[in-house]
Amino acid sequence: MNTTPTIASPTILVVDDDTSIATLLREFLGGEGYRVLLARNGREALASLQRERPALVLCDWMMPAMDGPHLIHAMHRAHGAIAAIPIVLMSSAHTAREAMPNVHFLAK
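Fair warning: this is a prediction, and the values are worked out from it, not measured in the lab.

**Details of the pattern of salt bridges**
Moving on, step 1. If you walk through the whole model with that rule in mind, you get 4 salt bridges.
Moving on, step 2. Residue Asp 16 pairs with Lys 108 through a salt bridge whose shortest N-O separation is 2.9 Å. Highlighted residues: Asp 16 in the loop between β1 (11–15) and α1 (19–31) and Lys 108 in the segment after β5 (104–107), separated in sequence by 92 residues.
Moving on, step 3. Of the residues examined, Asp 16 reaches a relative accessible area of 2% and is grouped as buried.
Moving on, step 4. We classify Lys 108 as partly exposed; its relative accessible area is 42%.
Moving on, step 5. Of the charged contacts in the structure, one is a salt bridge between Glu 44 and Arg 40, with a shortest N-O distance of 2.6 Å.
Moving on, step 6. Using a relative accessible area of 54% as the deciding quantity, one classes Arg 40 as exposed.
Moving on, step 7. A single salt-bridge network, built from bridges that share partners, covers Asp 16, Asp 60 and Lys 108.

**Considering the sheet that holds strand β2 (residues 35–39)**
Moving on, step 1. The sheet built from 5 strands is open, its strands ordered β2-β1-β3-β4-β5 with parallel pairing. Pairing within the sheet leaves two strands with one partner each, and these edge strands are β2 and β5. Strand after strand, the sheet turns through a mean of 25° between neighbouring axes, direction not considered.
Moving on, step 2. Pairing between β1 and β2: 5 bridges, direction parallel. Across the sheet, Val 14 pairs through a bridge with Leu 38, a residue of β2.
Moving on, step 3. Strands β1, β2, β3 (56–60) and β4 (87–91) of the sheet are contacted by α1, whose axis makes an angle of about 170° with β2.
Moving on, step 4. Running at roughly 170° to β4, helix α3 (residues 68–77) makes contact with β1, β3 and β4 of the sheet.

Procedures and definitions
Residues numbered from 1 in each chain as written. Predicted model: local features only at pLDDT ≥ 70, side-chain atom pairs only at ≥ 80, totals over all residues. Heavy atoms only, no water. Salt bridge = Lys/Arg side-chain N within 4 Å of Asp/Glu carboxyl O. Helix = DSSP H or I, 4+ residues; strand = E, 2+ residues; numbered from the N terminus. Buried < 20%, exposed > 50% of the residue type's maximum accessible area, 1.4 Å probe, protein only. Pairing = 2+ DSSP bridges. Axes fitted to C-alpha atoms, helices over the stretch in contact; angles between N-to-C directions. Contact = heavy atoms within 4.5 Å.

Next comes the structure, spelled out in structure tokens:
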């Protein structure tokens, strides 16, 4: 019998209201060995962060209910582990990078 402990895969929270992009990221990242959680907007992401502590948040810029910049501000205001989670903001808008220069950015 193998008694080697199993190491859990790192978790990534993908926050995007575009189902096709969220699904593509889930399949790609899952194929790379990550556990992937999905949220459709910032409010759902905050609720998920109350239950889970992902290693990374990949977040769309423009979403209904709560957009990416508002989610980032809410996470930074949070206490403890939520405030320390790295965030990568995703957008197809070229001006997004200039609007939040201190945030990691991924062009769609």
